[in-house]
Amino acid sequence: MNTSRLTRLQNISQTSTTSSQPFKRKLIATAVGFVISASFASFNTYAAEKNEQEKDDVTALEIVVVTSRNRAEAAQDIPLPVRVIGGERLDREDIKSIWDLPYVAPNLQLNNPGENARKVSPGIRGLGRGGANDSMEQSVGTIVDGVTLYYSGQAWADYVDLDRVEVLYGPQGTLVGKNTSLGAIKISTKAPSFTPSSTFEVTAGDLNTLQAKVSTTGPLIDDLLAYRGTFLVDRKDGLYDNTYLNFGKSRETFRESNKIAGRIQFLLTPNEDFTGRFIFDKLRSDERTNTGNVLVSNGPDTWADGTARAQTTPITADTGYTVNTDTPFATYGYLGKFAERAAWFHNADGTVYQPPLGTTDIENSEARPQITNQYGGSAQFDWHVQNHTLTSITAYRYQDFDIKNGGQFGQFYVSNSGQQLWNDQFSQELRITSDTDPDKFFDYQAGLYYLNAEVYSDDPSYYGADAGAWFAKSAQYKTLVANTTPSLRAAGRQLLQASLNNVYQSSVTDATVNSLAAYAQADFHLTDRATISVGVRDTDETKKNKIATQLDRPGENLQALGAQYGATAAQITAAQTVRAGQVPIAPFDFVNGNDVNDNLVAWNISPSYKITDDINVYASVGKGVKSGFIYFTQYVAPTDPTFETDVKPEETLDYELGFKSLLLNRTLQLNFNLYDTKVSDYQASWTRTDPRNDGAFITAWGNAPKVEAKGVELESNYRFNKSLDFNLGAAYNEATYESEWLVLKPEVVANGNRNDFIDRNGKQIANVPKVVINYGLNYQREIAGYLGRVTLQNSYKSGAYFNDNQAEFTYQKAFNVTNVSFAFGSLDEKWEARLNIRNVFDTEYAVRRATYTSTAGQTLEIGEPRYTTVTLKYNL
C-alpha cells in the first residue's frame, strides 16, 4: 500500500471538515437537477414523439412485484417505504451480500465488511447497529426466504440466484417474521423452475480474486417436482499483508474472502392449489478478517488541554541495548512501551522494536483465521383453499465460528483473544391470508410465530512468553528486571516470562430465548381508492442468560519457580501481581442472571389514497418493540456491582408520510417519503464512571433514554428509452440523541485521568452521514450483432465522525465511490463478458477511525481502493 495514501487519510483538519459543505450542496443540487432535467427531457421527448406517433422506442418501467406483506403485489401499491432491488440489477452490479446493499439503498447502514460474523449488525436511518453482543437481538432483522435469522451473524453469506432484495423501513412485526423495532432486510432467492436452465459464471481480477458461481434448475418429475442447485466459491486476498508470516511463496493477508457455499431447493406441486418448497444450504469460510488497523500516528505530545501525555523512561539496567531516539513518537503511549522495554522488545541489532507505521503492512504473530460453519433447512407449504392461502414455514439454522484476534506485536507472543461461538434456532410460522378482491370491503391475514434460539459464547484470552513484559506496570517491570545483580536479573526475567505464559482463561455465556407471537393485519377498502391498513402483534418472550468464568490453564507456580531461581520475595510478589492484573478473579461455575419476561405489543395504522392509478399517497404511524436482555461484565465476581445489567426493552414510535408515483406514461418512478422515528430506551453501549474506582471508567450495555431519526428519502427510476435507464436514491437523515448521553471527552486529562464526560444530547449519532445519494445509469444497445452495456453507479456520503466524542481524527470527510462495468455479449444473452471496476477514481476514505489514548495510537481501517475484475458468464 502506498504510504502517501494513508498520510492523506490521516491529515484531517477543521478545513477538511468544513470544506466539504459547498461540495455537498453542489452535489445535492446536481442530483436534484439531474432528476428534474431528466423529467423535463422525458416530457419534451414524449410530447413530441406522441404528436408524431413515433413512440416505439420508449418502454414503460416494469411493475415490480414484491411479497413484503406476504402476498404478491406491486411495490408501488404498498403504503409503506420499501426499497426493492430486482434480480437483474443485483446480478448486473454484482450485489451478492448484504454489505453491497448500502450502495443502492440509502439509509441502510452496516458494520465494516472487514469485521467478523459476530459483528454483523444492520442499521436503518442511523439506528440499530450494535457491536459484539451475543445476548442482544437486532433492531433490524434479516429474513431469507421467509425465515428470520435470530442471530444476525448468520447473514455472513454470499448468495447466488437472487430474485430480489427488499429493504423495509420502519418497525416490522405485524406481518413479517420476528418483531423488529426499526426495519428489516428481506432476501428472496429464485425458486426452482420446471423450465431447464443453467448458469456458469467465473470472475477473476485484482487481489488474486477467483470466484465461481453455478446455478442449475429443472424438473425431476414433470409437473410435480423441480429442483434448483447453486454453488459458490469466493476467494480474494485482503488489503493488509502480514509481513511477519510472509516469506518465500507464503503470503498471509487480512480482510480477505475465502468462502465455499452450496444450496439445494425442491419445489413440489401436486396440484395447482398446493406447493411445497424445501431449502437446504451450507457455508464454510476460512478467512482472516479481524485485523486491519493501520497505525498512522502515536498522537501528539500533549492532550487537547495542554497537559503532557504520560512519559516513559527507558530501562537500561539489563541491556546493552539502545533506544532509537531518532523516532519522536517512541517516548510515550503505545509505542512508548516498546521504547521503555527495549531490553525485551528489541530488533536483532538491539534497537527498539516499532510496529509498522503508516502502512498496510502489518506484523501479527498470533492472529488466526475466522472459521465459520453454518447450515440450515426450511420447508414452506402453501395451500390455497376457499379464497384463502394457508402457509406453514418450518425452519432450523445452525452456526459456529472460531476467531483469534492476535495483536500488532510483530515476532513477540504477547496475547490472543477471540471468540468461539455456537448458535442455533428453530422457528415455526403458521399464517392464513385472504385473497385480495377490490370489490370486498376488507382483506386480511393472521398468524402465529414461534422461535426457540440459543447463543453459546466462549470468549477466551490466552497469553504467551512476552505477555508479562507487556502487561507489567513500570514499577513491576523494574522490580523484576532492573537489578544490578546478574543472578537476580536472570531470575526476574524468568519470573516475568512465566507470569502469564500459557495462562488461558475464558468467559462463557449461554443465552436462550423462547418467543411466541400472534399477529394480524387487515386492509379496509373504504372506497375504490381509499384504504386503511391496521395491524397488531402481541409477543410473549422469555430470555435467560448465564455466565461462567473458567481458568483453563493457570500457568506455572510462581512461588515455586521463584524459589528455584533464587528470586527475591519482592520479585515473586511482582510477578504474581502481573498475573493478577490479567486474571483478576477466581473461576466460578455458571451463575444465572435475572430472567427477562416481556410481553410486547406492536401495531401499525396506515391510510392510503390513490389519486390516480399511478399516484398513491400514504401515511403511517406504528409502534415497534424488541425485548430486553441480560448483559454480564466479564471477569468480575458475581458479587461485583457491575456484574449484571438488565437492559430494558426498546420501543419505537414511527411516523411516515409519502407518495409513490409513476409519471410520464410510466417511464418515471418518483417516490418520496418523510419520516420521524422516535426510540425510547434505545439499546446501546455506554461508558460511565466506575463505581468501584472514581478515577476509572467502565464500558457496558444499557439504554439511552431517547434517540430520534428524522428526514426525507427519495427514490427515482427513469427509463429514457429502451436503451437507457437512470436511477437515483437519496436520503437526508438527522439521527440524534434526544436525552442526556455522556461520552468521554476526546483527548483530555483531568486530575491525572481521562474520566471527563461530555453530553451528546441533540448531537448526531456517530458514523451516520446526514446525506447519502446513490445514483447511476445503465445503457445498452446492439453493436454489430452483439449486445453492449455500460453500467455506472455512484455513492456519495457526507462527512461524519466515527466516534460520539467527535475527536478530530475520527472525522471522515465527504466522499464519492464510483463503480462502473462494461459488458459485451450475445443478443440472446447466452453469454456475456464483463469488466467491473469498483472505486474507479481510487477514492481514499476510511471505514473506521480511532484516536489516540494514553496507551494507544491513532488507527484507521481503509476503504477498498480501486478494484478491477473480469467476469465471464454463460447461460445454458
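Residues numbered from 1 in each chain as written. Predicted model: local features only at pLDDT ≥ 70, side-chain atom pairs only at ≥ 80, totals over all residues. Heavy atoms only, no water.

I would appreciate a short explanation of the confidence of the model for the protein chain in the present structure.
Regions with low pLDDT carry predicted coordinates that are not meant to be interpreted in detail. Mean pLDDT over the protein chain works out to 85, with 86% of the residues at or above the 70 mark. Per-residue pLDDT stays below 50 along residues 12–55; that stretch engages in 47 contacts with residues further than four places along the chain or on separate chains. This model gives residues 317–331 a pLDDT under 50, and the stretch forms 36 contacts once residues within four places in sequence are excluded. (pLDDT = per-residue confidence, 0-100. Contact = heavy atoms within 4.5 Å.)

Would you mind showing me how to read the pairing of strand β26 (residues 596–612) here?
For a regular strand, side-chain orientation follows a simple rule: the groups alternate between the two sheet faces. Taken together, the 14 bridges between strand β24 (residues 530–553) and β26 define a ladder with antiparallel strand orientation. Residue pairing for β26: D540 is matched across the bridge by N599. In this structure, β26 lies alongside strand β27 (residues 615–626), joined through seven bridges in antiparallel fashion. Within β27, the residue paired with I605 across the bridge is V621. In this antiparallel pair of consecutive strands, β26 and β27, the connection spans two residues. (Pairing = 2+ DSSP bridges. Helix = DSSP H or I, 4+ residues; strand = E, 2+ residues; numbered from the N terminus.)

Looking at this structure, I do not really get unusual backbone geometry. What am I missing?
Peptide bonds are mostly trans, and most non-glycine residues show a negative phi. The backbone of N107 sits at a positive phi, close to 70°, despite the residue not being glycine. Here N107 is to be found in the loop between α3 (87–92) and β4 (108–109). A positive phi angle is found at D681, which is not glycine, with a value near 55°. By the secondary structure assignment, D681 is in strand β31 (residues 668–690). By relative accessible area, which is 22% here, D681 ends up partly exposed. (Buried < 20%, exposed > 50% of the residue type's maximum accessible area, 1.4 Å probe, protein only.)

Help me understand the environment of Y618 in this model?
In this fold, Y618 is placed in strand β27. Owing to a relative accessible area of 3%, Y618 belongs among the buried residues under this scheme. The spacing of Y618 and I78 is 540 residues in sequence and 8.8 Å in space, taken between C-alpha atoms. Non-local contacts of Y618, meaning those with residues more than four positions away in its chain, are made with P79, L80, P81, P607, S608, E656, L657, G658, F659, K660, F672 and N673.

What is the right way to look at the packing of helix α6 (residues 474–481) against helix α7 (residues 486–498) in this model?
In a pair of packed helices, the angle between the axes and the distance between the axes together describe the arrangement. Viewed as axis vectors pointing N to C, α6 and α7 meet at an angle of 135°, and their least axial separation amounts to 7 Å. Between α6 and α7, the crossing angle belongs to the class labelled oblique. Judged by residue contacts, Y477, L480 and V481 of α6 engage L488, R489, G492, R493, L495 and L496 from α7. (Axes fitted to C-alpha atoms, helices over the stretch in contact; angles between N-to-C directions. Parallel < 35°, antiparallel > 145°, perpendicular 65-115°, else oblique.)

Mind showing me how you'd approach the sheet that holds strand β3 (residues 82–86) here?
Pairing between sheet strands relies on hydrogen bonds along the backbone, with the strands arranged either parallel or antiparallel. The five strands are arranged β3-β8-β9-β6-β7 in an open sheet whose pairing can be described as mixed. Edge positions in the sheet fall to β3 and β7 (147–148), since each of these pairs with one other strand and no more. Inspection of the sheet shows β3 paired to strand β8 (residues 162–169) by five bridges, in the antiparallel sense. Paired with I85 across the bridge in β8 is V165.

Teacher, can you tell me more about the environment of K404 here?
Within the fold, K404 resides in strand β20 (residues 388–404). In this structure the C-alpha to C-alpha distance between K404 and S415, which are eleven residues apart in sequence, comes to 10.0 Å. The contacts of K404, once residues within four sequence positions are left out, are E366, A367, R368, P369, N416, S417, G418, Q420 and Y462. Of note is the side chain of K404, whose polar atom sits 2.5 Å from the side chain of D402. (Polar contact = N/O pair within 3.5 Å; in protein donor to acceptor, adjacent residues only side chain to side chain.)

Please clarify how the nonpolar core should be interpreted in this entry.
Note on soluble globular proteins: their nonpolar side chains tend to be buried together. In this structure, I98, L127, I187 and V707 are the most contacted members of the largest nonpolar core, which totals 56 residues. Here this core gets six residues from one element, more than from any other, and that element is strand β32 (residues 693–719). Apart from the residues lying within four places of it in its own chain, the contact partners of I98 are L110, V120, A155 and I187. Formed by 35 residues, the second largest nonpolar core is a distinct cluster that contains V414, L496, V503 and L561. (Core = buried A, V, L, I, M, F, W, Y, C linked by side-chain atoms within 4.5 Å.)

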